[in-house]
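Inside the fold
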Amino acid sequence: MKEYRPLRYVNSMLLKRAIFIVTLLVIPLTEVAASFQGVDKLQVHGFLTQGYFLTSDNAVLGASDHDQGSLDFHETGLNATYQFSNAFSFGVQGLFRKAGVSEDTRIDYAVLDWRVGSWEDGEWGLRLGRVKNPMGLYNETRDVAFTRPSVFLPQGLYYDRSRNLVHSTDGGQLYVNLNTHIGFFELKGNVGKAENDNKELKMAIFGFDTPGELVSKRENYWGQIKFESQSGDLELALSYADVVLDYKPGTGDPFRAGATRYRPLVLSAQYNWRKAILTAEYLRQQNRFNHLGVNFPDSAVVTESYYLQGEYLFSRKIKGILRFGAHYLNKKDRGGKIAAANLGIPDHRGFTEDWVVGLSWLPSSTWQLQIEYHRLNGTSWLPAQANPDLSKLEQHWDMVAMTASFRF
Amino acid sequence: MTFPKYGNRLAIRQAAEPATFQKVLVRLVLSGLLFGSFLWGGFTQAAELIANPSVPLKSVTLNEARALFYMRNSEWPDGSPITIFVLKDDNPFHRQFSKQKLRLFPYRLRRVWDRHLFSGAGRIPEVVENSREMINRVASTPGAVGYVDKESIDEGVQTIEIR
């Protein structure tokens, strides 16, 4: 079988620089382009985000626990959409992302959208290429600050360490849009493979950087049914996925060739009432680990997470947010005691409870500043690569997070 | 005038009492007029939903109008494509149209469009600079919908009533 090589292996410093330079160049160019006739079928947009993080303990996105905090967080994106005809369009987005020690330049999505059929109250079609995975309310646009209610998305549901598994699928998406008398239904189903860089996830499973790799060899499935009331006030979504990553052992690996399987189910609800937005999401994820050898007995664990979030618009430029989120890696071991005994890791690696209060300021339609304070109990979603000595992690910690973003 | 400062201050305060009352009255009347003219101005300047003459509709319900700007529809019942034109987010007419006609805070529209734009799934409206360009683009694009202040409307476009 031909080895699967995702687009990201084409990456180089050159591509990374190219995206950054092109982004800077395109900002004035779009102004020029706008003055030409006949370019309206091509739309170019982009964004830049710079973050700042300061924590009392524990490293988040760089050395945030040092005196000056961390500036090691950037996101730069550039996208273009071209409408060939009423039925065909093409969209692509390049993304450069630096988050602490990890740097990533990749094609975020590259989609040929073919609207195959339509009738009076609906349409259906196919999106082929690298498609974003519909999971919860925020996953498809998780790297764009302007779509995030706060600097950090609720980490129990949108945690960074499995991002490469979750953000997109190389394959296709079937979609159906239905306008009914009660509201708008949107169905999406993705089939394909995930990206093959899952080091952070591997470290979370095995507890250290093993010589082997977690690879996406089989088809993964992602699906979502979303309902929006006619007014758009109420939004409900049900998301489900079935994802398998195979473990490919390296030389001298204590683990054997086996499989890991993840089946997240997410329930989402959002209600808009004038200047207030209430959001709640719940995740129940089944994880299975099979045939990994005597050093990793077969096991099944259920991860659970939820959050409740309130947003309020004090004015059209200033928005406040208050959120409580919880994350339990093993539903049957909420205190992390079993994992602590088996793996020799601190028990607070098993859970996180997170209170967040924050503000977003939009001084103009192209700028956004977000600032927030977190009070945390637990370290379950902290990246192990940034915190190599787990025994130094503090269970109770505080964080101030800020981002400044520009779009065009 | 043993204590001129004290005495003067008293005198001023006594003299000021009736004047302040009159001032309050005058201000009330003035602000009433201002507020009224603002309302009237807002009323006469109201943004209207407009469409290319090819669009086979004379009126839409509020929810149908919202669905258009939420980009939920891609074609008209006769199969011709729908194109949506909008002004920039911070344009006063955009905010006015969103709040008064669609009865939505503008952030709601922005959120839907951003979700489409940055996920590569779904369409987004085309942005025009001003009322003149809005009229020109809607008039020259079959199946187009937009909005504009009442005074700018000309025969190149049709007005669509929101029921």
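Residues numbered from 1 in each chain as written. Chains lettered and ligands numbered in written order. Predicted model: local features only at pLDDT ≥ 70, side-chain atom pairs only at ≥ 80, totals over all residues. Heavy atoms only, no water.

Details of the overall build of chain A
What counts is decided by this rule: Numbered from the N terminus, helices here are DSSP runs of H or I no shorter than four residues, and strands are runs of E no shorter than two. Partly exposed describes any residue whose relative accessible area lies between the buried limit of under 20% and the exposed limit of over 50%, with all areas from a 1.4 Å probe on protein chains only and scaled to the type maximum. Only heavy atoms matter for contacts: two residues are in contact if any of them lie within 4.5 Å across the pair. Reported accessibility uses the Shrake-Rupley method at a 1.4 Å probe radius. Residues are deemed covered only where the shown protein chains occlude them.
Scanning chain A for helices and strands turns up four helices and 17 strands. Buried positions account for 52% of the 408 residues belonging to chain A. Pairs at least 24 apart in sequence give 61% of the contacts found in chain A among residues at least 6 apart. Within the structure as shown, chain A displays about 18200 Å² of accessible surface, and the carbon and sulfur contribution to it stands at 63%.

Remarks on the pattern of salt bridges
How we decide: For salt bridges, the criterion is a side-chain nitrogen of Lys or Arg within 4 Å of an Asp or Glu carboxyl oxygen.
Under the definition given, this model contains 41 salt bridges over all chains. Two residues, Asp209 of chain A and Lys202 of chain A, come together in a salt bridge whose shortest N-O distance is 3.0 Å. By relative accessible area, which is 5% here, Lys202 of chain A ends up buried. Put simply, Arg115 of chain B and Glu235 of chain A hold a salt bridge, and the shortest N to O gap is 3.2 Å. Placement of the pair is Arg115 of chain B in helix α4 (residues 106-119) and Glu235 of chain A in strand β10 (residues 234-248), with the two residues belonging to separate chains. On the basis of relative accessible area, Arg115 of chain B is assigned to the buried category, the value being 14%. With relative accessibility at 5%, the residue Glu235 of chain A sits in the buried group.

Some points on the nonpolar core
Applicable threshold: To define a nonpolar core, start from buried Ala, Val, Leu, Ile, Met, Phe, Trp, Tyr and Cys residues and group those joined through side-chain atoms within 4.5 Å.
Within the largest apolar cluster, 41 residues are counted, with the highest numbers of intra-cluster contacts made by Phe69, Ile84, Met134 and Val145 of chain B. Secondary-structure elements contributing two or more residues to this core are β1 (47-51), α2 (62-69), β3 (83-87), α3 (92-101), α4, α5 (131-140) and β5 (144-149) of chain B. The dominant element in this core, judged by the number of residues it contributes, is α4 of chain B, at five residues. By size, the runner-up hydrophobic cluster in this structure holds 26 residues, among which are Leu157, Ala194, Ile205 and Trp222 of chain A.

Digging into a nonpolar patch on the surface
Convention followed: For patch building, the residue pool is restricted to those with more than 30% relative accessible area and no salt bridge; the joining distance is 9 Å between like charges and 5 Å between nonpolar side chains (Val, Leu, Ile, Met, Phe, Trp, Tyr).
Together, Leu42, Tyr82, Phe84, Phe88, Phe90, Leu112, Trp114, Val116, Trp119, Trp124, Leu128 and Leu174 of chain A make up an exposed nonpolar region whose accessible area comes to about 1100 Å². Those elements giving two or more residues to the nonpolar patch turn out to be β3 (88-99), β4 (102-119) and β5 (122-132) of chain A.

Notes on the packing of aromatic side chains
Residue and element names in this part refer to chain A. The condition that has to hold: To pair, rings of Phe, Tyr and Trp, with the six-membered ring standing in for Trp, must have centres within 6.5 Å; the planes then decide the type, stacked if under 30 degrees apart, edge-to-face if over 60, and tilted in the middle.
Counted according to the given criterion, the structure contains 24 aromatic pairs over all chains. Both rings, one in Phe185 and one in Phe227, keep their centres 5.0 Å apart while their planes meet at 50°; by these two values the pair is tilted. Here Phe185, found in strand β7 (residues 183-193), pairs with Phe227, found in strand β9 (residues 220-229); they are 42 residues apart in sequence, far enough to count as distant. Residue classification places Phe227 among the buried residues on the basis of a relative accessible area of 15%. Considering the side-chain rings of Phe289 and Phe296, the 5.6 Å spacing of their centres and the 55° angle between planes classify their relative orientation as tilted. Classification of Phe289 by relative accessible area gives buried; the value is 9%.

Looking at the packing of α3 of chain B against α4 of chain B
For any two helices packed against each other, the geometry is given by the interaxial angle and the distance between the axes. Residues and elements named next belong to chain B. Quick note on the threshold: Under this scheme, a helix contributes an axis fitted over its contacting stretch, all axes are lines through C-alpha atoms, and angles between N-to-C directions fall in the 0 to 180 degree range. Any angle that falls under 35 degrees is termed roughly parallel, while one over 145 is termed roughly antiparallel, one within 65 to 115 roughly perpendicular, and all others oblique. Amino acids are sorted into nonpolar (Ala, Val, Leu, Ile, Met, Phe, Trp, Tyr, Cys and Pro), charged (Asp, Glu, Lys and Arg) and polar (every other residue, Gly among them).
Closest axis-to-axis distance for the α3/α4 pair is 8 Å, and the angle between their directions is 100°. If you check the angle between α3 and α4, you find them roughly perpendicular. Along its contact with α3, which presents His94, Arg95, Ser98 and Lys99, the element α4 presents Pro106, Leu109 and Trp113. Looking at the contact of α3 with α4 residue by residue, the class counts come to three nonpolar, two polar and two charged.

Considerations on the side chain of Thr55 of chain A
Residue and element names in this part refer to chain A. To keep it simple, the criterion reads: Here a polar contact means two N or O atoms within 3.5 Å. Within protein one must be a hydrogen donor candidate and the other an acceptor candidate, and residues neighboring in sequence count only if both atoms are side-chain atoms.
Tracing the chain through its elements places Thr55 in strand β1 (residues 42-55). Only 3.3 Å separates the side chain of Thr55 from the backbone oxygen of Asp57, close enough to count as a polar contact. Setting aside anything within four residues of it in sequence, one finds Thr55 in contact with Val60, Ser64, Asp65, Trp397, Asp398 and Met399.

A few points about α2 of chain B
Burial runs high along α2 of chain B: six of the eight residues are buried. Backbone geometry just downstream of α2 of chain B places Met71 of chain B in the positive-phi region, at approximately 65°.

Section: the pairing of β5 of chain A
All names here are of chain A. Note the following rule: We treat two strands as partners when DSSP finds at least two bridges between them.
As paired elements, β4 and β5 share eight bridges and run antiparallel to each other. Bridged to Asp113 within β5 is Arg127. With antiparallel pairing between neighbouring strands as the criterion, β4 and β5 make up a hairpin whose turn holds two residues. By the bridge criterion, 11 bridges tie β5 to strand β6 (residues 168-179) in an arrangement that is antiparallel. By the bridge assignment for β6, Val131 is matched with Thr169.

A short note on the environment of Arg284 of chain A
Residue and element names in this part refer to chain A. Locating Arg284 in the fold gives a position in strand β12 (residues 276-290). Of the residues examined, Arg284 reaches a relative accessible area of 31% and is grouped as partly exposed. Separated by 44 residues in the primary sequence, Arg284 and Tyr328 place their C-alpha atoms 9.9 Å from one another. Excluding residues that lie within four positions of it along the chain, Arg284 makes contacts with Arg263, Pro264, Leu265, Val302, Thr303 and Lys331.

Description of the interface of chain A and chain B
The criterion, for reference: Reported buried area values correspond to the accessible surface (1.4 Å probe) lost by two parts on association, with both partners' losses combined.
Residue-level contacts link 41 residues of chain A with 31 residues of chain B. For the pair chain A and chain B, the two sides together bury roughly 3200 Å², of which 44% comes from carbon and sulfur. Counting across the chain A and chain B interface gives six salt bridges. Counting every contact that joins chain A to chain B gives 18 residue pairs in polar contact (both at pLDDT 80 or more). Sort the elements by how many residues they give to the side of chain A that touches chain B and β4 of chain A lands first, with four residues.

Side note on helix α3 (residues 199-206) of chain A
Residue and element names in this part refer to chain A. When you tally the buried positions in α3, you get six out of eight residues, the bulk of the element. The complete set of buried residues in α3 reads Glu200, Leu201, Lys202, Met203, Ile205 and Phe206. The inward-facing, buried residues of α3 contact α2 (163-166), β8 (213-215), β10, β11 (258-273) and β12. Following α3 by one or two positions, Gly207 has its phi on the positive side, about 90°.

As for unusual backbone geometry
Backbone geometry places Arg274 of chain A, a non-glycine residue, at a positive phi of 50°. Residue position: Arg274 of chain A is located in the loop between β11 and β12. Residue Arg274 of chain A is classed as exposed on the basis of its relative accessible area of 55%. With a phi close to 55°, Arg103 of chain B is a non-glycine residue in the positive phi region.

Some remarks on the side chain of Ser168 of chain A
Residues and elements named next belong to chain A. With respect to the element layout, Ser168 can be found in strand β6. By relative accessible area, Ser168 is classed as buried at 1%. Here the side chain of Ser168 touches His167 through a polar contact of 3.0 Å, side chain to side chain. If we ignore the near neighbours within four places in the chain, the residues touching Ser168 are Asp108, Arg130, Val131, Lys132, Asn133, Lys193, Ala194 and Glu195.

Function-wise, these values are silent; they only describe arrangement.
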